[in-house]
Amino acid sequence: MQSKLLKRIGLSVLVSFAAHSGSAQDITQYVMPEKVSGISQHRMLLSGTWQFQFNPTQTWKPVVVPGELAMQGFAIEHDRPVLYKKEFDVPTEFKDKTLILRFDGVYAYARLWVNGKYVQDHFGGFTRWESDVTHLLRPGAKNEIKIEVTDLKDDISYASGYAHHPIAGILRDVELYALPACNLSNLSVETHLDSLYQDANLFVSVHANASPGSTIRFELTSPKGDKIELDSPIRSLQDGKNEYRFPITRPTKWDAEHPHLYQLSMTVLQEGREQMRYKRKVGFRDIQIRGNKMLVNGSAVKLRGACRHDIHPTLGRTTTRELDSLDVQLFRRSNMNFVRTSHYPPTERFLEFCDEAGLYVECETALCFVDTHRQKNYGPAASQNDTLFTGRYLQQLKEMVTSFRSHPSILFWSVGNECNYGGNFQYSYDWVKQNDLTRPAIFSYPGSVEKGKKTFDILSMHYPGVDGTMNQWGATTQGFQTSSMPSIFDEWAHVPCYTYSTLQDDPNIREFWGESLDKMWGKLFDAPGGLGGAIWGYIDETFMVPAPHTGNSYWIEYAHTAKPKDYQGDCVGYGEWGIVDVWRREKPEFWGTKKAYSPIKLLATQVPEFTSGTPLVLPVYNRFDHTNLKEIQVRFSYKDISGSFTPESLHPHRKGRIVLPAQKWEGGEEVKIDFLTNENELIDAYVVTLGSHSSFGAEKSSGKLHVRETADQLVIEGKDFCIPFDKKSGLIVDAVSKGEVVIEKGPFLNLDLNVNHLTGAEVREKARNYIVNDEDWMPGEFSWKKEKHQVDILLSGKYRDIAVEMNLRIHSNGKLEIDYRTTGEPNGWLRESGLKFYLPENIAQLKWKRKGYWSAYPENAFAGNKGEAPLYNSRKGGYGEDPGQPWNMDTHNYYYFANPGADVQKPLTNIAKGMKEHIYSYSLQGNQKGALEVLSGSGKLAARLNKRKDEQLILYVNTEWDYPEIAWGNYCKALDVVPCHGKITVQL
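A short tour of the structure in this document, coming up. The model shown is predicted, which means the values in this text are computed figures rather than measured ones. Throughout this document, residue positions are counted from 1 along each chain, in the order its sequence is written. Local features in this predicted model are restricted to residues whose pLDDT is 70 or higher, and side-chain atom pairs enter the listing and the counts only when it is 80 or higher, whereas totals over whole chains, interfaces and linings include all residues. Only hydrogens and water are set aside; all other atoms, that is, all heavy atoms of the structure, feed into the side-chain values.

Thoughts on the overall build of the protein
Moving on, step 1. Assigned secondary structure in the protein consists of ten helices and 64 strands.
Moving on, step 2. The globule rule puts the C-alpha radius of gyration for 988 residues at 30 Å, and the 32 Å found for the protein is close to it.
Moving on, step 3. Its C-alpha atoms put the protein at 110 × 75 × 55 Å along the principal axes.
Moving on, step 4. Only four residue types enter the tally: Lys and Arg on the positive side, Asp and Glu on the negative side, with His and both chain ends excluded. Charge coordinates come from a single atom per side chain, which is NZ of Lys, CZ of Arg, CG of Asp or CD of Glu. Here the protein contributes 114 positive and 121 negative side-chain charges, whose respective centroids are spaced 1 Å apart. Helix and strand assignments come from DSSP, with helices taken as H or I runs of at least 4 residues and strands as E runs of at least 2, each series counted from the N terminus. Put simply, the radius of gyration uses C-alpha atoms, and a globule should come to 2.2 Å times the residue count raised to 0.38.

Structure follows, in structure tokens:
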């Protein structure tokens, strides 16, 4: 059977092309009823445990369906078929019924047998396909399904190449269901609003297997449960295609902010007797493109979203009902109103959750990287003009549209991702436009489309710069827009995931990314032709593939195309590019997304002038599309006073004000403001400062200061501290605070720069960077002098060609001030400039206060305006196991550190490693009473911790910093290296 695979595939392609190059009726998608008369339970879910055979010589073994085979230990090979089987009893009451076997997704090429008889084949791993198996099954007896699955190297979805390992398997649910002889298929429900967006027509199109005397009864129920009176609710049902229209007066409309759903019930009757009943949710909404704007129900919309993949943490490229629901909840919680189902259609239940919760959807067919970015081992796959592939293109497109077209959440279709244009894409676009007149369609890359051809209604662009100006394959935007049509940046703001060394050392690049998203969204929102953006991506693209028990994990050889050799391990994928990880834990990017995408923007978080005892007026921007500000609630707290109120009327896309009730306002105090839905869900949070920001500093000098010299050291002592200097190196050695060592050695120069000014989509490292090496320190002058309450020390030296001069001042209260300056640096973009100190292992706790980019953060945030966290966590999450803790507390990572998960025996927590920017205070506490605190009254310093491979703990204190390696059009400061200098204050 396996030896004839290639011949079978070729034949199947030709058959597929012949069968799927025509109209929508070539695809049959049956209507799954809610009830079938005469049957107590008409549906059988066949997911669960199946038997699996790796090759004909091996025994059958149990596997989980749905789920990838590789994620269950089977090292599937490309272009080699494997076999599933399932035995099950078919209920006796299924006798004399039409029996439909439904597969929601089998990757990538499948051949089906029922009770030993061949049924059909199918290309495409992410679309629903069904088989009428009525005459093959035996009701009241045991039956067997066999399905042969092949992971094709030339699959047009490129899904295995994209996942960096073969994802073959039954990836979605399998179900058997029974229908009466008179049944329905290829249902389409459309709503059309009038020119004033008040009244509507409800259109229903359905194909029927019917006989004379068949009728269909329609019932419509409002979102409040009221029955809507329909014109002639019982209509005749003809064999073949049937179309019905119902005028509806002033329906309650559906949009992402008001997801009002009606319920449509259809009952099929034969000679007046009920045969089956079907229900589905209906949203009355209208989509139009007018100029360079998209309108939903007559109002311009702005799409703030992310790209989503199906990922289960242990089963791979699959999902569950619980995960589908959770993903929609997390989208809404992060203030997103839009999801792109990259790079294939989702499950239908995911769309049902989008309908109910209110998410706009770009639904994309499973076509990716055709003749563009494929890994070389998958070949160029230039199938865009190949007629042997036309059937595959059209079949899965038709299956997607036919299955999903009735969902109000779908705003537009996508006929391909980042592909080179060709005739097969033209066929795809033309078919969509002929068969669904209610929605636009897009194609990426639009710039590759031949002149005079049309394959998109919205311009889809990927990875604009922060100013929104870009040219991609000849397509151009200026300021996030064009004048001719809406522009959607359905991949933008790429979450940092390729900067491997940065993510090992300083995960704060994730926090910094939120600033970029905020800048981009703010500019796009004010650009009339900017439709929106979708973050790449929503969820991490990492697969903790287990060691195979059958076969060899050959994909490791090509699965790390972008990763350095010393980073390779069994965990594969593109990287951690999500705002949540595969376990759906919120990462630092999640809060950045919630803030940047907030539909309510408080335009001032500091009030320099105010009058106590009068209302406090704050400017606000309503960035909702359909919601008046009076539909939400405002909650405030000030000192021990709290209250809530409904704000003044403010229409969408308008600026106005909110007015807080009069209080005895005082300078230096803060007002916390939460914006809430009427269901008490947090939309956004702000902290408003009255007067000036508070600053933090050490006490003034007092007490006595003692200096003593030995042959090797200069020792400065005061109350509760001692700072020895090694005369030979000029560096501090074993500085003590309250009897505990808090600095082992330092200060060393910290200088990290990008020497070739490189940034862009393909920067996957720090480019060519230069980092000063501590071992290169060559001391020069070391001198000191003492005054009443201070000791001044001059220290100079060189790191190869870079000269450093430091002026250190030690006060009697233990405050150490260091002014440094350098000369001789190479040119480039600055990554970090500052000083660093070697710390002892006994440092165990971190506390900080800072001026963050956002005025408000959640409790225990990765980089909040104030926080406290342990440096270490004894809990180590195992490979492929649920971490069972917040992301901030992780110490091991099996993607960036490969199989060991860390490169030291006692790694730091994520929250401790991440740089805290614009600090007022950064305090490190020892196991006993010793403490070390970095101070900056103006909030101009940043500090972070890291460990070297020899377990040495290091404190980095920076006067300048940036992330030029962030790339992908994201914001960075682009700081040119100039002679570096600055002042750092440390309190012992």
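Comments concerning the sheet that holds strand 45 (residues 670-676)
Moving on, step 1. In this analysis, strands are considered paired if DSSP registers two or more bridges between them. Pairing in this open sheet of five strands is mixed, and the strands run 40-46-45-42-43 from one edge to the other. Every interior strand has two partners, whereas the edge strands, strand 40 (606-607) and strand 43 (641-645), have only one.
Moving on, step 2. Strand direction decides the pairing type here: strand 40 and strand 46 (residues 682-690), joined by two bridges, are parallel. Within strand 46, the position partnered with Q606 by the bridge is T689.

Examining the packing of helix 5 (residues 387-404) against helix 6 (residues 423-435)
Moving on, step 1. Lines fitted to C-alpha atoms define the axes, with helix axes restricted to the stretch in contact, and inter-axis angles between N-to-C directions lie between 0 and 180 degrees. At their nearest, the axes of helix 5 and helix 6 sit 9 Å apart, and the two run at 25 degrees to each other. The angle between the axes of helix 5 and helix 6 places the two elements in the roughly parallel class. Two packed elements cross with a definite hand, and for helix 5 against helix 6 that hand is right-handed. Mapping the contact onto sequence places F389, T390, Y393, L394, L397, K398, V401 and T402 in helix 5 and N424, F425, Y427, S428, W431 and V432 in helix 6.
Moving on, step 2. Tallied by class, residues from the contact of helix 5 with helix 6 come to nine nonpolar, four polar and one charged. Orientation categories follow fixed angle ranges, with anything under 35 degrees roughly parallel, anything over 145 roughly antiparallel, 65 to 115 roughly perpendicular, and all other angles oblique. Rotating anticlockwise by less than a right angle from the far helix to the near helix defines a left-handed crossing, while the corresponding clockwise rotation defines a right-handed one. Note on contacts: a residue pair qualifies if any of its non-hydrogen atoms lie within 4.5 Å across the two residues. When residues are sorted by character, Ala, Val, Leu, Ile, Met, Phe, Trp, Tyr, Cys and Pro go into the nonpolar class, Asp, Glu, Lys and Arg into the charged class, and all the rest, Gly among them, into the polar class.

Observations regarding the packing of helix 3 (residues 321-333) against helix 4 (residues 348-357)
Moving on, step 1. The interhelical angle for the contact between helix 3 and helix 4, taken along N-to-C directions, is 35 degrees, at an axis separation of 9 Å. When the axes of helix 3 and helix 4 are compared, the crossing they make is right-handed. Along its contact with helix 3, which presents R321, D324, S325, D327, V328 and R332, the element helix 4 presents R349, F350, F353, C354 and A357.
Moving on, step 2. A per-class count over the contact of helix 3 with helix 4 returns five nonpolar, one polar and five charged.

A closer look at the environment of C972
Moving on, step 1. Note on placement: C972 falls in the loop between strand 63 (953-961) and strand 64 (981-987).
Moving on, step 2. With residues near it in sequence (within four places) discarded, C972 still touches F512, D962, Y963, P964 and I966.

Let's talk about the pattern of salt bridges
Moving on, step 1. Whenever a carboxyl oxygen of Asp or Glu lies within 4 Å of a side-chain nitrogen of Lys or Arg, that contact is scored as a salt bridge. In this structure the tally under the stated criterion is 58 salt bridges.
Moving on, step 2. A salt bridge links E951 to K947, with the shortest nitrogen-to-oxygen separation between them at 3.3 Å.
Moving on, step 3. With relative accessibility at 24%, the residue E951 sits in the partly exposed group.
Moving on, step 4. Judged by relative accessible area, which is 6%, K947 ranks as buried.
Moving on, step 5. Each of R172, D173, R308, D310, D324, D327, R349 and R584 takes part in salt bridges that share partners, so that together they form one network. Between buried and exposed lies partly exposed: a residue is buried under 20% and exposed over 50% of the maximum accessible area for its type, with that area taken using a 1.4 Å probe on protein chains only.

A closer look at the nonpolar core
Moving on, step 1. By nonpolar core is meant a set of buried Ala, Val, Leu, Ile, Met, Phe, Trp, Tyr and Cys residues that side-chain atoms within 4.5 Å join together. Among the nonpolar cores identified, the biggest contains 135 residues, and L303, Y360, W492, Y538 and W555 are the most heavily contacted of them.
Moving on, step 2. Broken down by element, the residue count for this core peaks at eight residues, all from helix 8 (residues 509-525).
Moving on, step 3. Sequence-distant contacts of W492, that is, excluding residues within four places in its chain, are made with Y463, P464, F480, L517, M520, W521, L524, G533, A534, I535, W536 and Y597.
Moving on, step 4. Counting 64 residues, the second-largest nonpolar core is a separate cluster that includes L753, A912, L932 and I984.

Examining the pairing of strand 53 (residues 777-786)
Each regular strand shows side chains that alternate between the opposite faces of the sheet.
Moving on, step 1. Across eight bridges, strand 53 lies against strand 54 (residues 790-799) in antiparallel orientation. By the bridge assignment for strand 54, W784 is matched with I793.
Moving on, step 2. Between strand 53 and the antiparallel strand that follows it, strand 54, lie three residues.

Focus on helix 8
Moving on, step 1. Helix span, expected: 1.5 Å multiplied by one less than the number of residues in the helix. In a regular helix each residue adds 1.5 Å, so 17 residues correspond to 24 Å; helix 8 covers 25 Å between its end C-alpha atoms and thus fits that length.
Moving on, step 2. Within helix 8, 14 of the 17 residues are buried, leaving the element largely enclosed by the surrounding structure.

A short note on the sheet that holds strand 28 (residues 338-340)
Backbone hydrogen bonds are what pair the strands of a sheet, in a parallel or an antiparallel way.
Moving on, step 1. Here eight strands make up an open sheet; going across it, the order is 31-30-29-28-27-36-35-32 and the pairing parallel. Strands at the two margins of the open sheet, each flanked by one partner only, are strand 31 (441-442) and strand 32 (459-462).
Moving on, step 2. Here strand 32 pairs with strand 35 (residues 487-492) via three bridges, running parallel. When the bridges of strand 35 are listed, L459 appears paired with S487.

What about the packing of aromatic side chains?
In this description, an aromatic ring pair is defined by two values, namely the gap between the centres and the angle between the planes.
Moving on, step 1. Paired rings are identified among Phe, Tyr and Trp, the last through its six-membered ring, by centres lying within 6.5 Å, and are further divided according to the angle between planes into stacked (under 30 degrees), edge-to-face (over 60) and tilted (the rest). All told, the structure shown has 52 aromatic pairs when counted by the stated rule.
Moving on, step 2. On the basis of an interplanar angle of 70 degrees and a centroid distance of 4.6 Å, the ring pair of F52 and F74 is categorised as edge-to-face. Pair noted here: F52 is in strand 3 (residues 48-53) and F74 is in the loop between strand 4 (61-65) and strand 5 (82-89), with a separation of 22 residues, a long-range link. Across the pair, exposure class does not vary: F52 and F74 are buried alike.
Moving on, step 3. Every member of this aromatic cluster is reached through a ring pair, and the members are Y158, Y162, F369, Y378, W536, Y554, W555, Y558, Y574 and W577.
Moving on, step 4. If you follow K85 out to its NZ or CZ, it ends over the ring of W60, 4.4 Å from the centre.
Moving on, step 5. A cation sits over an aromatic face here: K519 above Y971, 4.7 Å from the ring centre. Over a ring means this: the NZ of a Lys or the CZ of an Arg is within 6 Å of the ring centre and within 35 degrees of the ring normal.

Here's the deal with the side chain of N622
Moving on, step 1. Secondary-structure assignment places N622 in strand 41 (residues 616-622).
Moving on, step 2. Polar contact is the term for a pair of N or O atoms within 3.5 Å; when the atoms are in protein, one must be able to donate a hydrogen and the other to accept it, and sequence-neighboring residues count only if both atoms are side-chain atoms. Engagement of the side chain of N622 in a polar contact is seen with the backbone oxygen of T627, the distance being 2.9 Å.
Moving on, step 3. Leave out the neighbours within four places in its chain, and N622 touches P599, T627, N628, L629, L650, H651, P652, H653 and R654.

Focus on helix 5
Moving on, step 1. End to end, helix 5 covers 26 Å across 18 residues, agreeing with the expected 26 Å (1.5 Å per residue, within 8%).
Moving on, step 2. Burial analysis of helix 5 places 16 of its 18 residues in the buried class, the great majority of the element.
Moving on, step 3. You can read the cap of helix 5 off the contacts: a side-chain oxygen lies 2.9 Å from the backbone nitrogen of L388, and it is on D386.

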